[in-house]
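Given next are the chains, with one letter for each unit.
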Amino acid sequence: MSLLLKSAALVLTALVIGGFVFTTLNAGAQAPAPPYDLLITNARIVDGGGNPWFRSDVAIKDGRIALIGRLGPETAIRTIDAHGQILAPGFIDVHTHVESIYNQPAAENFVRMGVTTLVTGNCGSSTTEVAEFLGRSKEKPLAVNLATLIAHGSVRRKVMGLGDRAPTPEELKQMESVVEQGMKDGAVGFSTGLIYVPGTYARTDEIVSLARVAGRYGGLYATHMRNEGDKVADAIRESIQIGEQAGLPVEISHFKISNKKLWGQSPMTLGLVREARARGLAVTVDQYAYTASSTSLDSRLPAWLRAGGLDEAKKRLGDKATRERAISETKDALKRSGFKDYSFAVVASYGPDKSFNGKSIAEITKQVKKKSDVTSQIEQMLEMYEAGGAGMIYHGMGEDDVKRIMQEPFTMIASDSGVRQVDESVPHPRGYGNNARVLGRYVRELKLISLEDAIRKMTSLPAQTFGFRDRGLIREGFAADMVIFDENTIIDQATFDKPHQFPLGISYVIVNGTPVLADNQMTEARSGVALRGPGYLPQ
Ligand SMILES: [Zn+2]
């Protein structure tokens, strides 16, 4: 109380910018500093735990939430009037690919979705120099907090190249020690990408051995499974088996059913996860709010063809019989997926010919070869692969499954996106719209889940799962990562045709107590920090 009285005596200047009040202090040299750095008033707080919103002010000091309660504007250096909008914990996006974030430290596409923390190193691909990667945030500060997994594919590549074979006992030991070093350097867990080269060549026992190391250091196992289509159930069972044998929690990445014949089977796939949880294994999943996925073109081609990398694949494809075998196996895979041709497969980025971006393989084949049969489409895909490959969008999911997965209590919301360069290529819109789309479309328009539950899936659930123990909730003492948005107007604007569009309705994003988005404008602040896992041993 005495602090309140003292600061009330200070001289104050109020600036009104765009309807928001910033109160700046104009105090004499001997006047005591105001007790708080930032005060947010008139907020409806959704605290991240799933509880109904409540009205309160929030005071921030030294990057942390200092006090939640009724406070006067005279108690802080700066005040933001939320005008009754929602104040929530900053969103934690646990599934990203931002290895290049230091080239775009503002991470604007994430900030404008309300995201304040990123977990990268997913799908088997990460830095193997975790200490250096996280440490760089000191010299080159970021607008968001950053954590990483140590990834199987990158570790395997480093130790044994891109070959289609099992490791020798010596190689397995070496891989274990790279994972161990990654965990000691602050990785939050171990990831796999079992459709990619070289992860796809690993047997279950290899993954169990490496995941066990991550588990010893308190990490989790995050997996892009071996199959999300016709063998998705087997792939879920393998993920669970790895968690049970290696003794660590499992996070199934971008949980989906991307096989048209299996649309509607999400009660079965979610059931497998529920059964594992009932047995005592902590399994969670994440999801983006779209019916299309995005990954490389070559992930549609046979694994044996891709062994050793592109140069070796090109040699193989030079042999006529081998090329025919690749075409026929790819055709079989298409048949199993339930799609009749590749009109569901759209190019996001193709270096040699940018005019392909935004067009489907079926359209491109018609344009280039004047043909519309599946064999010609696969031949077109092989030619694009030989020319360096392409990033793709696959319209392969049913919305009923997307909805059912979203309603599951253990599902969190994550974008699977990288840091976007505005107007570069035609990427998946999830990197611009994911969180806003959940809050606008699935909460407000479709009333599929409540606002409070949606926020929980973006905040406390990811924080709990990935071990960010002082984030993901509006609680005194927690890091002041926050987002202010209007629940009546928030919506994604990015579409598959025009993805480079920021969402509407998010006005403030605060990272460690400092606004990085203020009144809809990016600030110069780079207040993100590196977040390190429980195995971290400072050097
Ligand atoms: Zn993935």
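## A closer look at the layout of surface pockets
- A volume near 190 Å³ is recorded for the second largest pocket.
- Along the walls of the second largest pocket sit 13 residues, with Arg-277, Ala-282, Thr-284, Gln-464 and Thr-465 positioned nearest its centre.
- Residue contributions to the lining of the second largest pocket peak at three residues, all from helix α17 (residues 460–466).
- Here the lining of the second largest pocket is composed, by residue class, of seven nonpolar, three polar and three charged.

## Quick word on the coordination of the zinc ion
- Ligation of the zinc ion by protein atoms is provided by Cys-123 (SG), His-224 (ND1) and His-254 (NE2), these donors lying 2.0 to 2.2 Å from the ion.
- Donor residues for the zinc ion sit on one chain with the sequence pattern C-x100-H-x29-H. Placement of His-224 in strand β13 (residues 220–224) and of His-254 in the loop between β14 (250–252) and α8 (266–279) is noted, with a sequence separation of 30 residues between them.
- According to the relative accessible area criterion, His-254 is buried, its value standing at 2%.

## Some remarks on the nonpolar core
- Core analysis: the biggest nonpolar cluster contains 93 residues, and Ile-101, Leu-439 and Phe-485 have the highest contact counts within it.
- It is helix α7 (residues 232–246) that provides the largest number of residues to this core, a total of seven residues.
- The residues contacting Ile-101, other than those within four sequence positions of it, are Ala-107, Leu-118, Leu-142, Val-144, Leu-146 and Val-419.
- One finds Trp-304, Tyr-342, Ala-345 and Met-384 within the second-largest nonpolar core, a separate group that totals 27 residues.

## Examining the sheet that holds strand β17 (residues 345–349)
- Here three strands make up an open sheet; going across it, the order is β16-β18-β17 and the pairing antiparallel. Of all the strands in the sheet, the pair left with one neighbour each is β16 (293–296) and β17. Pairwise comparison of adjacent strand axes, ignoring direction, gives a mean angle of 35° for this sheet.

## Side note on the sheet that holds strand β8 (residues 91–93)
- The sheet built from three strands is open, its strands ordered β8-β9-β10 with parallel pairing. Where the open sheet ends on each side, the last strands, each with one partner, are β8 and β10 (145–148). Adjacent strand axes in the sheet meet at a mean angle of 20°, parallel and antiparallel pairs treated alike.

## Quick look at the packing of helix α15 (residues 430–445) against helix α16 (residues 451–458)
- Running from N to C, α15 and α16 cross one another at 160°; their axes reach a closest spacing of 10 Å. On the basis of the axis angle, α15 is roughly antiparallel to α16. The hand of the α15/α16 crossing is right-handed. Packed against α15, whose contacting residues are Asn-435, Val-438, Leu-439 and Val-443, the element α16 presents Leu-451, Ala-454, Ile-455 and Met-458 at the interface.

## Re helix α12 (residues 361–369)
- Buried residues of α12: Ile-361, Ala-362, Ile-364 and Thr-365, and no others. Buried residues along α12 cover an arc of 160° about the axis, so they all sit on one side.
- Those residues of α12 hidden inside the fold are in contact with β17, α13 (374–386) and β18 (391–394).
- Looking at the residues trailing α12, positive phi occurs at Lys-370, about 55°.

## Regarding the pattern of salt bridges
- Counted according to the given criterion, the structure contains 31 salt bridges.
- Arg-336 serves as the salt-bridge partner of Asp-230, at 3.1 Å between the closest nitrogen and oxygen. Of the two residues, Asp-230 is situated in the loop between β13 and α7 and Arg-336 in helix α11 (residues 320–337); the sequence distance between them amounts to 106 residues.
- Look at Asp-230 and you get partly exposed, because its relative accessible area is 33%.
- With a relative accessible area of 39%, Arg-336 lands in the partly exposed category.
- A salt bridge links Glu-386 to Arg-323; the shortest N-O distance between them is 3.0 Å. Of the two residues, Glu-386 sits in helix α13 while Arg-323 sits in helix α11, which places them 63 residues apart along the sequence.
- The class for Arg-323 is buried, based on a relative accessible area of 15%.
- The structure contains a network of salt bridges with shared partners spanning Arg-64, Asp-470, Arg-471 and Asp-481.

## Considering the confidence of the model for the protein chain
- For the protein chain, the average pLDDT comes to 94, and 94% of its residues sit at 70 or higher.
- Every residue in residues 1–28 is under pLDDT 50, and counting partners more than four places away or in other chains gives 53 contacts.

## Notes on the packing of helix α6 (residues 204–216) against α7
- The N-to-C vectors of α6 and α7 enclose an angle of 45°; their axes lie 9 Å apart at closest approach. When the axis of α6 is compared with that of α7, the two are oblique. For the element pair α6 and α7, the recorded crossing hand is right-handed. Between α6 and α7, the contacting residues are Thr-204, Ile-207, Val-208, Ala-211 and Arg-212 on the first element and Glu-238, Gln-241, Ile-242, Gln-245 and Ala-246 on the second.
- Split into classes, the residues belonging to the contact of α6 with α7 amount to five nonpolar, three polar and two charged.

## Some remarks on the side chain of Arg-112
- Residue placement: Arg-112 occurs in the loop between α2 (108–111) and β9 (115–120).
- Under the relative-accessibility criterion, Arg-112 is labelled buried at 17%.
- Here the side chain of Arg-112 touches Glu-108 through a polar contact of 2.7 Å, side chain to side chain.
- Reaching out from Arg-112, the side chain makes a polar contact with the backbone oxygen of Asn-520 at a distance of 3.2 Å.
- Excluding its chain neighbours within four sequence positions, the residues that come into contact with Arg-112 are Phe-502, Pro-503, Ile-506, Leu-517, Asn-520, Gln-521 and Met-522.

Cut-offs used in this document
- Along every chain, residues carry numbers that run from 1 in the direction the sequence is written.
- Where totals are concerned, whole chains, interfaces and linings use all residues; where local detail is concerned, this predicted model gives features only for residues with pLDDT of at least 70, and gives and counts side-chain atom pairs only at 80 or more.
- Side-chain numbers here rest on the full set of heavy atoms in the structure, without hydrogens or water.
- A 1.4 Å probe that fits but cannot get out identifies a cavity on a 1 Å grid over protein atoms alone, an open set with protein on both sides within 12 Å along at least five of seven lines counts as a pocket, and a residue lines either if it has an atom within 4 Å of a point.
- Grid points are joined across faces, edges and corners, and a volume is the space filled by probe spheres set on the points.
- We count a stretch as a helix when DSSP gives it H or I for four or more residues in a row; a strand needs E for two or more, and each element gets its number in order from the N terminus.
- Residue classes follow a fixed rule: Ala, Val, Leu, Ile, Met, Phe, Trp, Tyr, Cys and Pro count as nonpolar, while Asp, Glu, Lys and Arg count as charged, and any other residue, Gly among them, counts as polar.
- Coordination here is defined by N, O and S atoms within 2.8 Å of the metal (3.2 Å for Na, K and Ca), and since water is not considered, a site can look incomplete.
- In this scheme, a residue with accessible area under 20% of its type's maximum is buried, one over 50% is exposed, and one in between is partly exposed, where area comes from a 1.4 Å probe on protein chains only.
- Among the buried residues, those of types Ala, Val, Leu, Ile, Met, Phe, Trp, Tyr and Cys that are joined through side-chain atoms within 4.5 Å form a nonpolar core.
- Contact criterion: two residues are considered in contact whenever any of their non-hydrogen atoms come within 4.5 Å of each other.
- Pairing between strands is defined by DSSP: at least two bridges between them are needed.
- For helices, the axis comes from a line fit to the C-alpha atoms of the stretch in contact; other axes are also lines fit to C-alpha atoms, and the angle between any two N-to-C directions lies between 0 and 180 degrees.
- Orientation is classified from the angle alone, with under 35 degrees giving roughly parallel, over 145 giving roughly antiparallel, 65 to 115 giving roughly perpendicular, and any other angle giving oblique.
- Two helices crossing with the near one rotated counterclockwise from the far one by less than a right angle form a left-handed crossing, whereas a clockwise rotation gives a right-handed crossing.
- To be clear, the arc concerns the directions from the helix axis to the C-beta atoms.
- Throughout this description, the term salt bridge denotes a Lys or Arg side-chain nitrogen within 4 Å of a carboxyl oxygen of Asp or Glu.
- Confidence per residue, as judged by the predictor, is encoded in pLDDT with a range of 0 to 100.
- Throughout this description, a polar contact denotes any pair of N or O atoms lying within 3.5 Å of each other; where both atoms belong to protein, one of them has to be capable of donating a hydrogen while the other can accept it, and for residues adjacent in sequence the pair is counted only when both atoms sit in side chains.

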